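What the coordinates show
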Amino acid sequence: MLTAVMAAVVGCIGIAVYGIVFGLFLQGIDRKFAARMQARVGPPIRQPFIDIGKLLCKDNVVPEGALGVVFNAAPLIALAASVTILLYLPVGSIMPLLGEWGDIVLIMYLLTVPALAMVAGGFASGSPYATVGSQREMVTMIAYEFPLAIAIIAIAWRLSVAGIADPFLISTIAQTSVWSIAGPFGWLGLLLLLLVLAWVTPAELSRVPCDTPEAETELAGGLLVEYSGRNLALFSLSAAVKTVAMATLAVVLFLPWNPSWYIAMAPTTAIVADALFFIIKVVLVVFFSVSVIRVMMARLRINHLVTLYWKYLGIVGLAGLVLIVLDAMLGMGVVA
Amino acid sequence: MSDSKPSYNIPIGPIHPALKEPILFTFKINGEVVEDLDFAPGKVHRGIEWMGMRRNPVQIAHLCDRICGICGVSHTLAFCRAVEQIAEIEVPERAHYVRTIVAELERIQSHLLWAGVAAHELGFDTLFHLAWRVREDAMDLLELITGNRVNYGIVQVGGVRRDITEDQFPKVEKTLAAYEDITKKLLKLFLEDTSIKVRCRDTGLMTRKQALELCTVGPTARASGLEMDVRLDAPYAAYGDLDFTMVLPDQYAGEIRGDVYDRIVVRLLEVVQSMSIIRQCIDNMPPGVVMWEQKYAKILATCKKAEGEAFGRVEAPRGECFHFVRMNKSESPEAWKVKASTYSNQMSWLTMLKNEQIADIPIIVASIDPCMSCTDRVAVIGNGTSGILTKQDLHRLSVEKTRRIQGC
Amino acid sequence: MSLLPAIPEVLRQFLKKPATNLFPAKYLPPSVTEFLQKAAAGEVAVHPPVETPVKFRGKITYDRDACIGCKLCTRVCPAHAIEFLPETKTVRIYVTQCIFCAQCNDACPVSCLHMSGEFMIATENRYSEEMIVE
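Residues numbered from 1 in each chain as written. Chains lettered and ligands numbered in written order. Predicted model: local features only at pLDDT ≥ 70, side-chain atom pairs only at ≥ 80, totals over all residues.

**Structural notes on the overall build of chain C**
The condition is simple: Helix and strand definitions follow DSSP, with helices as H or I runs of at least four residues and strands as E runs of at least two, each counted in order from the N terminus. We compute the radius of gyration from the C-alpha atoms alone; for a globule the expected value is 2.2 Å times N to the 0.38, where N is the number of residues. To sort residues by exposure, count the other C-beta atoms lying within 10 Å of each residue's C-beta; 20 or more gives buried, 12 or fewer gives exposed, and values between give partly exposed, all with C-beta atoms placed from the backbone. Residues are scored as being in contact if the C-beta atoms we place from backbone atoms lie within 7 Å.
Each helix and strand counted, chain C has four helices and five strands in total. The linear arrangement of helices and strands in chain C, starting from the amino end, is α-α-β-α-β-β-α-β-β. Taken over the C-alpha trace, chain C has a radius of gyration of 22 Å; the compact-globule value for 134 residues is 14 Å, which it surpasses by more than 25%. Each principal axis of the C-alpha distribution contributes one length, and for chain C these read about 70 × 45 × 20 Å. The 134 residues of chain C split such that 19% are buried. Within chain C, residue pairs in contact and separated by at least 24 positions form 59% of the contacts whose partners lie at least 6 positions apart.

Below you can see the structure in the form of structure tokens.
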């Protein structure tokens, strides 16, 4: 019993450290990518670490009109929830720590927790900018949940039709390539769903064009406007960890291949090789669904954002779902 | 948004990321919609006119460079034209052409700067970086011609201080050729982009009638279809000899709506127009000197002898720039009044911003290309507090002053 | 791409070199003083500054011996940066007040004032020796 608890504690700390370090590294890479696309040199990749270090040195100001308890608790909850998501997600071929206790639907719920914490913190800060930001964050959340749910459900459903046991378990999804199960129609559908997930990622991470809740030029930081010092550092860390979580989710759902599936390797070598390949995949996902999207367009107005996610991406997602259903019904690919 | 929701106030400014210069807006918001607004300029009053009245016109010319960091030539040109009229100084023909070239280069860099700022307000940082990057070419050219990137210090009472020489022509031509490609690219990136179109089309509307009633000037007025351009209406420098027409948004889009998008169209098309004007100037530049008098002592003496009043009007990149000068046979002018283009344009904010969304406030505010430090001419401060003077207050103060002067 | 024309543009730019004029050091060094000392000793390479054009107006230079003390420069200086010294019949120029318009250069009848190309003259002390030309 004691050893199990110890293992869990060590695992949690390990995952937290991994999430924070890898997340900040991803943010550094993203800033470098974006800079290069804008013909700039950009900051060094270690810059997010420097920023966090700086924030931790600064005063933690709680505004007079704020609800102190909620205001201070929100960043902690956001970071804790982000790290918790990682406990249910694999790293390369290392399966998730708590894989048996939760499935992909749980991850969908957990993804909303940091956002909800930010909303609570925004409302608690008592600034009109933060209030507007919080309202927008809620609307954004409602907007992107639907396309995200379609993408996740469609894949799990296709796996279940193929007769695979426990299709909603992360370990199942991570160990099966949905591309090898689906037929030609399914591939088309999967491509559409990949597109949807690529667009949900910036909304989930509050990056341009979906950074409406923070909107630097409009709301001066929106729901984070009153945050400073340690609290802001915690929110930044939460955003970094969430970047890892979202990119991992995309990798697990759509790019699950590992080198050890194809090349015979010693178990330890396999873990290292898979982890390295996993990092490459995650960086690629970040490049296409965060960096490229955020440099190629303007920020969306909140009503446009809802239209984009509910209408356009909703339709694309449903089309993908229909194609996958057709694929299964017409008996293309693997059907049990 | 329903009417049942209570409205709340959001202050924007004096310091806010959406504003590049200090000004205080107070918005009454319902949901995400602006119900009512008010704004209070006067946060960057620098007392430039006061400084000017303690200097001679030759010195003021370079003080004018510093009224605005972007349209330095326009203010100096307007001031010098006023002084030249009073002192009856005849500017050499070649100087007129050099003034025109520098003024148009300034327009190019100012409009590109604005385009970058507008893109940034929309959250489109890539275009911001692109616009400012290509703006560097115009700045480099200005540095080559005048000696400095900003605060050019080239226009002086009686002409210009530096000539554009033959050996600089290839560099000018090279930059213009580069701009030909760049402007095509910019037009495509700004005007065909869907994310910009959905944000800017039908945002911040101002009809032609409203533009006329609010006395707007420059690209803000032209974007609403109001045909006014000092360069054509009252030609100065070499503009009378040149062949160009007014830029209106229907030349690109086929219609005039008077929204933010049209203001982008007008400014970008004016960059193209400025290039053609510079080309014409270089082709038609007459030979000769560029200064009415090389000896500064004589200029100073002429200005000291001058008596009378005049105004100078110049089409600055942001619109009409107006300087009034009165001289009375003394070292410094007796009166000097500067009216920057934003002074005329700022009232249009009230029309444009009403019933718009919070998200569009930055781009609409930026769409008139405001320049607050050029505009602010007065700050009321007494006993350590600042206040607002109404029309009645100003009238009372004028009467009191007149009585004081008359000694009764 | 007519929907979002910036996509090909940014992807093309990704493979190109950045357009930035580089700072002397690639990234902010942990200690600027140390970096400058090393650069002076030639231990680290610094990116050279961008070249200035021929007619660039930098820090002013003054030929004291050629000056005839006519005071014309003090009359045309917009910033009142030039002070006349009656004892020696020469001028003193406060560089921190100078606005680099070079009008005194044009006005000087014996051309004893010139603008150099030097522009890295930021300082913390307005009245340091380098900031006063006489």
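Read on for the rest.
**A look at the overall build of chain B**
The helix and strand tally for chain B stands at 18 helices and 10 strands. Taking 2.2 N^0.38 as the reference for a compact globule, 408 residues should give roughly 22 Å; the C-alpha atoms of chain B span a radius of gyration of 22 Å, in line with that estimate. Along the first, second and third principal axes, the C-alpha atoms of chain B reach 70 × 65 × 35 Å. Taken over 408 residues, chain B has a buried fraction of 52%.

**Some remarks on the interface of chain C and chain A**
For the record, the criterion: Residue type decides the class: Asp, Glu, Lys and Arg count as charged, Ala, Val, Leu, Ile, Met, Phe, Trp, Tyr, Cys and Pro as nonpolar, and the leftover types, Gly among them, as polar.
Taken together, the contacts link 11 residues of chain C with 10 residues of chain A. Classifying every residue of the side of chain C that touches chain A by side-chain character gives nine nonpolar, two polar and no charged.

**Details of the sheet that holds strand 2 (residues 82-85) of chain C**
Residue and element names in this part refer to chain C. The condition that has to hold: DSSP bridges decide pairing: two strands pair if at least two such bridges lie between them.
The antiparallel open sheet is built from three strands, whose spatial order is 2-3-5. Of all the strands in the sheet, just strand 2 and strand 5 (132-133) have a single pairing partner and so form its edges. Bridge count for strand 2 against strand 3 (residues 90-94) is four bridges, and the pairing is antiparallel. What sits directly across from I82, in strand 3, is I93.

**Let's talk about helix 4 (residues 104-124) of chain A**
Residues and elements named next belong to chain A. Rules: Every helix has an expected span of 1.5 Å times one less than the residues it contains.
Look at helix 4: 31 Å from first C-alpha to last across 21 residues, which is about the 30 Å you get at 1.5 Å a residue. Along helix 4, the positions that sit buried rather than exposed are I104, I107, L111, P114, A115, A117, M118, V119, G121, G122, F123 and A124. Those residues of helix 4 hidden inside the fold are in contact with helix 3 (68-87), helix 5 (128-161), helix 6 (170-175), helix 8 (184-204) and helix 10 (229-254). Of the residues flanking the end of helix 4, it is G126, one or two places downstream, whose phi is positive at about 70 degrees.

**What about helix 3 (residues 72-87) of chain B?**
Because the α-helix completes a turn every 3.6 residues, residues three or four places apart line up on one side. All names here are of chain B. Counted at 1.5 Å a residue, the expected span for helix 3 with its 16 residues is 22 Å, and the 23 Å between its end C-alpha atoms agrees. Of all 16 residues in helix 3, 15 are buried, a share of seventy percent or more. Immediately downstream of helix 3, the backbone of E88 shows phi near 55 degrees, a positive value.

**Notes on the packing of helix 8 of chain A against helix 13 (residues 302-329) of chain A**
All names here are of chain A. Put simply, the rule reads: Convention adopted: a line fitted to C-alpha atoms gives each axis, helices being fitted over their contacting stretch, and angles between N-to-C directions are expressed from 0 to 180 degrees. Note that the term roughly parallel is reserved for angles under 35 degrees, roughly antiparallel for angles over 145, roughly perpendicular for angles of 65 to 115, and oblique for everything else. Take the far helix as your reference; a near helix turned counterclockwise from it by less than a right angle gives a left-handed crossing, and one turned clockwise gives a right-handed crossing.
Here helix 8 crosses helix 13 at 150 degrees, and the two axes come no closer than 7 Å. Judged on the interaxial angle alone, helix 13 and helix 8 are roughly antiparallel. Crossing of helix 8 over helix 13 shows left-handed handedness. Contacts from F185, G186, L188, G189, L190, L192, L193, L195, V196, W199 and A203 in helix 8 reach Y309, L313, V316, G317, A319, G320, L321, L323, I324, L326 and D327 in helix 13.

**Considerations on the domain arrangement of chain C**
Rules: Residue ranges for the domains originate in an automatic or database domain assignment.
Examined at the domain level, chain C breaks down into domain 1 (6-40) and domain 2 (60-133). One C-alpha centre belongs to domain 1 of chain C, the other to domain 2 of chain C; they are set 36 Å apart.

**Quick word on the interface of chain A and chain B**
Every contact between the two is made by 23 residues of chain A and, on the other side, 24 residues of chain B. Listed by contribution, the elements that provide at least two residues to the side of chain A that touches chain B are helix 5, helix 9 (216-219), helix 12 (267-296) and helix 13 of chain A. Broken down by element, the side of chain A that touches chain B gets its largest block of residues, three residues, from helix 9 of chain A. Along the lines of polarity and charge, the residues of the side of chain A that touches chain B split into 13 nonpolar, four polar and six charged.

**Regarding the sheet that holds strand 7 (residues 319-328) of chain B**
One key point about sheets: their strands pair by backbone hydrogen bonds, in either a parallel or an antiparallel sense. All names here are of chain B. The antiparallel open sheet is built from three strands, whose spatial order is 6-7-8. Edge positions in the sheet fall to strand 6 (307-316) and strand 8 (335-339), since each has one partner strand and no second. Here the strands of the sheet are splayed against their neighbours by 10 degrees on average, with no regard to which way each runs. Sheet topology note: the strand 7/strand 8 ladder contains five bridges and is antiparallel.

**What about the confidence of the model for chain B?**
Put simply, the test is: One number per residue, pLDDT, summarises how confident the predictor is, and it ranges from 0 to 100.
Confidence in the prediction for chain B averages 86 pLDDT; 96% of positions are at 70 or higher. Predicted confidence in chain B is weakest over strand 10 (residues 385-386) of chain B, with a mean pLDDT of 66, and strongest over helix 4 (residues 93-121) of chain B, with 91.

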